[in-house]
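Chain and residue survey
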Amino acid sequence: MSHAILVDLTECVGCGACRDACQQVHKFPEIENTKLDAQNFTTLRLCEDAEEGTETYVRQMCQHCQDPACASVCLVGAIEKTADGAVTWDEGKCIGCRYCMLACPFDIPKYEWESGNPKVRKCTMCHQERHLAENAKVDNEGFVIDRNGDRIEIDGREITADDRDSIVSMTTNDDDDRATACSVACPTAATLFGDRDELLAEAHARIKDNPDDYVPQVYGSKEVGGTSVFYLSNVSFESLGFYTKLDHEALPQRTWNVLEKIPDIVVTAGVALGAVYWITSRRDEVRRYEDEVKKQKANKHS
Amino acid sequence: MKLAIPRITFWKAVAGIFLLGGLVAAVVRFGWGLGVATNLSDVTPWGLWIGFDIVVGVGLAAGGFTLAGIVHIFNIKRFKPIVRPAILTAFLGYSLVIVGLLFDLGRPWFIWHMLIYQNPHSVLFEVGMCVMIYTTVLALEFAPVVLERFRLQKALKVMKAITIPLIILGILLSMLHQSSLGSLYLIVPQKMHPYWYSPMLPVFFFISAIAVGLGMTIVESYLSARAFQKTLETHLLRDLARIMFGVLLVYFTMRFIDLLRRDALHYLVDGSFETMMLYLEFGLMLVIPLLLFNIRGFGQSRAGLFFTAFSVVLGFMTNRLNVTLTSLESYYREMFGTSYFPSIGELAVTISIVTAGFVLFGLAVKYLPIFPHHEEETVIDVNEAPERAAAPKIDGDPAAQLRRH
Amino acid sequence: MVALFVILFVAVLLGIDLFIQARHRKYPIMAAAADAAPAAGLRETVRIPKSVFFHPGHTWARLQDGDHLEVGIDDFVQKALGSIDGVTVPAVGEFVRQGDPVITLRHDNKELHLVAPASGQVQSINTDALENPQLLRENPYREGWLMMIKPSELASNLGMLHVAESAVNWIKEEISRFREFLNASVAQPAIVGESMLDGGTPVSGALEHLDGEHLQNFEEQFLR
Ligand code: SF4
Ligand code: SF4
């Protein structure tokens, strides 16, 4: 099942619980941030429009695109769009080229610039955290192990039974379903986590039922071919600083258009070069031969 | 040569300083990490090292495949003397590109991951593989020079047998990655200035690489003539320049049509920084070289050819840096209110890599049979030939007096 | 901004280099112009590679791969002739004898005949140079080679030939002799012209002005 997050900005009261929960579940320092970085996967920012008299709190995080540019450009395939819906990064593969950072249309991935062994960091949709509850076993040193008996690591940290319990409790919602820490923490249901199709339908339904409360757009449903994070708002997304100039076509298609031609190009060009070589060297031979014949004739005459 | 000594010493000192600076920067980079050594940031993840060391560097090394193709595939044998220096530059160029890449990668020790975790959808993967294989191919193409030097005849024979397949492979690989350096940027249409974002980027990159490969060959040959008195015949370089202009004209016609089709021409009068940079690119790469080349008496001379080709090289650098950096500037300004300028450390590393290229090229020319006439020869000044006793009086048949012995 | 900086930086380095070069030439403004002159244009020179054997008739031979002789004309005669419109050499398979006039250089409708520096069978000929005699001007000892022969009496042939210091001395002597030859031919005003203004007689292209009879003399005195 593919999951998604729906953020209804009209419901958001700006309490910052989502941000705090995110920082807690990832063991980041708890600060009031405005900028994404390697230790802030989501931000909360107040957008005031003096003319309209509106105050809107805007959450920003990875959109978990359906066809993510970041995953398509990664040369070692360290980034992956999982069936679960989350776009995840694999520390074991990344070589640190930072192409993902350049390619992301939302400028999401961040880098541990100060580290000697830097990681690419961004919202994980609590992917590992949400699946932690499935692993009940603990080895004799007290660390949680998976079905194969390997210790589970999150961000390079091995997880103790206590860690697991606190993470599981942070990622379990009132219905006893696994959900992202931010959606669990949100007191007003401004951030919802669930099945992508259902949430998308819900978003459209809200617009349809209350056309006066929303601008008629589900941000994230069409951008770069669709994402797994949707926003609803009552003021235009452009005025809130969203990336509104994005194509509705998935970006990886643009490079794939070129890449898929490579086999043809190689074969055609290879054959062409071989042919040119054959012709030119043959021409040379023929000319040399003719020269000699001519010369021999001339010598006979004289 | 007497005059040349002080000049070379000056540049040697400069090269020493540059290399030392690079060394210090390298220590900072690997000791304290990218954050301390560079001005790169979450907002501007790619900077000078990608833009210059890699994208410009690979382009400038394009002479290797261009000339190998001209001589061995199109069988235009008179350019043969130029192939070796061109392949040498290419090999050094690519090796240094890889060094530059190791600086830029956050975890260079994992570079081999590319071989095992392949992602065929990534342009960068394709570039990486091609660069790696092509560097090997170049090493093989260059091997005969080393084998010759050490007189390893058997190995030489083997190499001769595989020359043509190797060269075709080299050209194919170059076609792929030279163009793919352009494809790298196809994924960020919304971030780039319309001057430089084009679905045609890969084609443009490939064609301009051919032109600058020829230009670089002319430049190198002039510089080595100066430093080592080892050189190529001017008329060959002139022909190369003609081919280069042919390629450039095709390139700029296509660029222009592309701008027209994408409706980007109206920006040309907006007086913005980007527009200025575009003019600089066109001027350095096309207009100035054309003018220089057509100055009577100068354009066709060795120095004239050098300045012509050098201008093309500068224009090419402008183009690549425009694509990689300039075209993103307005996006960064608008979105984040920041801009990128390389740190001293980044500059020092780049400069020292280029310097290393010069130094290695010099050493190779000195110790390996790179240029064709490295045979020692005596040059006699006609006016220094001993004047014989006063010319005999001319009476009668002049020639009769000069019977030999 | 970065692009601009890089270009300026490179341009400044180039500027410094030009400045230094110019200072060493002591003619700052002429620096570029001096460079523009062909390498040996102002100074007339004749090149003598160390590993080449010279026949007194101004052809050369070089041992290749141990058992072949590469053959061509020398820098002196090439310079003296000025430009070459055509070259003829024996066909592959023919036998040439040391001292036989087998190479023909054409200029306008004049012809010069040069001798084979050694005896042997012609194995291959340089079609590039025959098609494009300009190559003889570029470098008569490399691209401008004319034919490859399989020597038949190498040891005795070599006795005739000059090499290394002997070749250098011989060429110097030849240049002096040539100068005298030209002075002697001065009866013909066309040759003197501007060439005598600076006192010396230039070698380059001097033969272009010689007519049939004098050319004949040149051939007899220098190319045999
Ligand atoms: S928003 Fe950026 S980082 Fe997140 S999935 Fe999409 S492309 Fe990747
Ligand atoms: S920085 Fe890492 S995750 Fe990002 S594209 Fe490069 S290798 Fe992939």
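Residues numbered from 1 in each chain as written. Chains lettered and ligands numbered in written order. Predicted model: local features only at pLDDT ≥ 70, side-chain atom pairs only at ≥ 80, totals over all residues. Heavy atoms only, no water.

1. Quick notes on the overall build of chain A
Rule in force here: Numbering of helices and strands runs from the N terminus; a helix is a DSSP stretch of H or I covering at least four residues, while a strand is a stretch of E covering at least two. Radius of gyration here is computed from C-alpha atoms only, and the compact-globule reference equals 2.2 Å multiplied by the residue count raised to the power 0.38. Surface accessibility in these figures is a Shrake-Rupley result with a 1.4 Å probe; residues are shielded only by whichever protein chains are displayed. Counting rule applied: Lys, Arg positive; Asp, Glu negative; His and chain ends not counted. One atom stands in for each charge, and that atom is NZ of Lys, CZ of Arg, CG of Asp or CD of Glu.
Check the secondary structure of chain A and you find 9 helices and 11 strands. Computed over its C-alpha atoms, the radius of gyration of chain A comes to 28 Å, more than 25% above the 19 Å expected for a compact globule of 302 residues. The C-alpha extent of chain A, read off along each of the three principal axes, is 110 × 60 × 35 Å. About 14600 Å² of surface is accessible on chain A, with carbon and sulfur atoms providing 48% of the total. The average position of the 34 basic charges and that of the 53 acidic charges among the side chains of chain A differ by 14 Å.

2. Examining the site of ligand 1
Here is the rule we go by: We call a residue near a molecule or strand when any one of its heavy atoms sits within 4 Å of it. All amino acids are sorted into three groups, where Ala, Val, Leu, Ile, Met, Phe, Trp, Tyr, Cys and Pro are nonpolar, Asp, Glu, Lys and Arg are charged, and the leftover types, Gly among them, are polar.
In the region of ligand 1, 14 residues are neighbours, and Cys62(A), Gln63(A), Cys65(A), Cys70(A) and Cys104(A) sit closest. Its residues assigned to classes, the shell around ligand 1 shows 11 nonpolar, 2 polar and 1 charged.

3. Some words on the sheet that holds strand β1 (residues 3-8) of chain A
Residue and element names in this part refer to chain A. Stated precisely, the cut-off is as follows: Two strands qualify as a pair provided that DSSP identifies no fewer than 2 bridges between them. Axis angles are defined between N-to-C directions and span 0 to 180 degrees, where every axis is a line fitted to C-alpha atoms and, for a helix, only to the segment in contact. Only heavy atoms enter the contact rule, under which two residues are in contact if any of them lie within 4.5 Å.
Taken together, the 3 strands give an open sheet; going across it, the order is β10-β1-β11, and neighbouring strands pair in mixed fashion. The sheet terminates laterally at β10 (191-195) and β11 (229-232), the two strands that pair on one side only. Geometrically, the sheet is characterised by an average inter-axis angle of 25° between neighbouring strands, direction not taken into account. In the packing of helix α7 (residues 196-209) onto the sheet, the strands contacted are β1, β10 and β11, and the crossing angle to β10 comes to about 130°.

4. Considerations on the pattern of salt bridges
Residues and elements named next belong to chain A. Where we set the bar: A carboxyl oxygen of Asp or Glu within 4 Å of a side-chain nitrogen of Lys or Arg is what we treat as a salt bridge. Whether a residue is buried, partly exposed or exposed follows from its accessible area with a 1.4 Å probe, protein chains only, as a fraction of its type maximum: under 20%, in between, or over 50%, in that order.
Applying the stated rule across the entire model yields 26 salt bridges over all chains. Asp 20 is the salt-bridge partner of Arg 19, the closest N and O atoms lying 3.3 Å from each other. Accessibility expressed as a relative area gives 8% for Arg 19, which makes it buried. One salt bridge connects Arg 151 with Glu 158, and the closest N-O pair in it is separated by 3.4 Å. For Glu 158, a relative accessible area of 32% corresponds to the partly exposed category. Because the salt bridges share partners, they merge into one network encompassing Asp 139, Glu 141, Arg 151 and Glu 158.

5. Thoughts on the interface of chain B and chain A
Short version of the rule: Buried area is calculated as the accessible area (1.4 Å probe) missing from two parts once they are joined, with the contributions of both summed. In protein, a polar contact requires one atom able to donate a hydrogen and another able to accept it; more generally it is a pair of N or O atoms within 3.5 Å, and residues adjacent in sequence count only if both atoms are side-chain atoms.
In this assembly, 57 residues from chain B lie in contact with 58 residues from chain A. Summed over both partners, the interface of chain B with chain A buries about 4800 Å², with 64% contributed by carbon and sulfur atoms. Broken down residue by residue, the surface that chain B buries against chain A is led by Asp42(B), Arg107(B) and Ile187(B), which jointly contribute 17%. Seen at the junction of chain B and chain A, the total is 28 residue pairs in polar contact (both at pLDDT 80 or more). Counting residues per element, the ones that place at least two in the side of chain B that touches chain A are α2 (34-37), α4 (63-73), α6 (113-116), α7 (123-149), α8 (153-183) and α12 (302-336) of chain B. The greatest single-element share of the side of chain B that touches chain A, amounting to 7 residues, is contributed by α8(B). Residues belonging to the side of chain B that touches chain A are distributed by class as follows: 38 nonpolar, 13 polar and 6 charged.

6. Quick look at the interface of chain A and chain C
Contact with chain A, which involves 7 residues of that partner, is made by 9 residues of chain C. When the buried surface of chain A facing chain C is broken down by residue, Glu292(A), Lys295(A) and Asn299(A) rank first, second and third, together holding 60% of it. At the boundary of chain A with chain C, the tally comes to 0 salt bridges. When the residues that make up the side of chain A that touches chain C are grouped by side-chain class, the tally is no nonpolar, 2 polar and 5 charged.

7. With respect to the sheet that holds strand β5 (residues 86-88) of chain C
Residues and elements named next belong to chain C. The strand order across the open sheet formed by 3 strands is β5-β7-β8, and the pairing between neighbours is antiparallel. Looking at strand neighbours, the two that pair on one side only are β5 and β8 (110-115), the edges of this open sheet. Shown here is a sheet whose adjacent strand axes are inclined to one another by a mean of 20°, direction ignored. Bridge count between strand β7 (residues 101-107) and β8: 6 bridges; the pairing is antiparallel. When the sheet's bridge partners are listed, Leu 105 is paired in β8 with Leu 112.

8. Here we look at the packing of aromatic side chains
Put simply, the rule reads: Paired rings are identified among Phe, Tyr and Trp, the last through its six-membered ring, by centres lying within 6.5 Å, and are further divided according to the angle between planes into stacked (under 30 degrees), edge-to-face (over 60) and tilted (the rest). By definition here, charges over rings are those cases where NZ of Lys or CZ of Arg is within 6 Å of the ring centre and within 35 degrees of the ring normal.
The final tally for this structure, using the stated rule, is 42 aromatic pairs over all chains. Ring geometry for Phe178(C) versus Phe222(C): centroids 5.8 Å apart, planes at 90°, classification edge-to-face. Here Phe178(C) is found in helix α7 (residues 164-184), whereas its partner Phe222(C) is found in helix α9 (residues 212-222), with 44 residues between them in sequence. With respect to class, Phe178(C) is no different from Phe222(C); both count as buried. Taking 5.6 Å as the distance between ring centres and 75° as the angle between the ring planes, the aromatic pair formed by Phe181(C) and Phe222(C) counts as edge-to-face. Here Phe222(C) lies in helix α9 and Phe181(C) lies in helix α7, a separation of 41 residues in the sequence. Its relative accessible area of 1% is what places Phe181(C) among the buried residues. Among the aromatic side chains, those forming a connected cluster through ring pairs are Phe76(C), Phe178(C), Phe181(C), Phe218(C) and Phe222(C). Arg98(A) extends its terminal NZ or CZ atom over the ring of Tyr111(A), reaching a point 5.6 Å from the ring centre.

9. Regarding the site of ligand 2
For ligand 2, the full set of nearby residues is Cys74(A), Val76(A), Ala78(A), Ile79(A), Trp89(A), Cys94(A), Ile95(A), Gly96(A), Cys97(A), Arg98(A), Cys100(A) and Val120(A). Partitioning the shell around ligand 2 into residue classes produces 10 nonpolar, 1 polar and 1 charged.

10. With respect to a negative patch on the surface
All names here are of chain A. As a reminder of what qualifies: What makes a patch is a set of residues exposed beyond 30% relative accessible area and free of salt bridges, joined within 9 Å when like-charged and within 5 Å when nonpolar (Val, Leu, Ile, Met, Phe, Trp, Tyr).
Negative charge collects at one region of the surface, where Asp 174, Asp 175, Asp 176 and Asp 177 lie side by side. As for its position among the elements, Asp 177 is in the loop between α5 (161-170) and α6 (181-185). By relative accessible area, Asp 177 is classed as partly exposed at 42%.

11. Here's the deal with the side chain of Arg255(B)
Residue and element names in this part refer to chain B. Secondary-structure assignment places Arg 255 in helix α10 (residues 234-261). Relative accessible area serves as the criterion here: at 3%, Arg 255 is assigned to the buried category. The contacts of Arg 255, once residues within four sequence positions are left out, are Tyr 195, Trp 196, Phe 204, Leu 278, Glu 281, Phe 282 and Asn 319.

12. Considering the environment of Trp49(B)
Residue and element names in this part refer to chain B. Considering the arrangement of structural elements, one finds Trp 49 in helix α3 (residues 48-60). Separated by 54 residues in sequence, Trp 49 and Phe 103 have C-alpha atoms that sit 7.9 Å apart. If sequence neighbours within four positions are ignored, Trp 49 has contacts with Arg 29, Leu 34, Thr 38, Ile 54, Phe 103, Asp 104, Gly 345, Glu 346, Val 349 and Thr 350. Looking at Trp 49, its side chain comes within polar contact range of the main-chain oxygen of Glu 346, at 3.1 Å.

13. Observations regarding the domain arrangement of chain A
Stated formally: Segmentation into domains, and thus their bounds, comes from an automatic or database assignment.
Under the domain assignment, chain A is made up of domain 1 (3-132 + 171-249) and domain 2 (261-302). Computed over C-alpha atoms only, the centres of domain 1 of chain A and domain 2 of chain A are separated by 63 Å.

14. Some remarks on α9(C)
For α9(C), the set of buried residues is His214(C), Leu215(C), Asn217(C), Phe218(C), Glu219(C), Gln221(C) and Phe222(C). Buried-residue contacts for α9(C) involve α3 (75-81), β8 and α7 of chain C.

15. Comments concerning the packing of α7(C) against α9(C)
All names here are of chain C. Note the cut-off: What sets the label is the angle itself: under 35 degrees gives roughly parallel, over 145 gives roughly antiparallel, 65 to 115 gives roughly perpendicular, and the rest give oblique. Each helix crossing is assigned a hand: it is left-handed if the near helix lies turned anticlockwise from the far helix by less than a right angle, otherwise right-handed if that turn is clockwise.
At a closest axis distance of 12 Å, the pairing of α7 and α9 adopts a crossing angle of 155°. The orientation of α7 relative to α9 falls into the category roughly antiparallel. Handedness of the α7/α9 crossing: right-handed. Side by side, α7 and α9 meet where Glu 174, Arg 177, Phe 178 and Phe 181 of the first sit next to His 214, Asn 217, Phe 218, Gln 221 and Phe 222 of the second. Residue composition of the contact of α7 with α9, grouped by class: 4 nonpolar, 3 polar and 2 charged.

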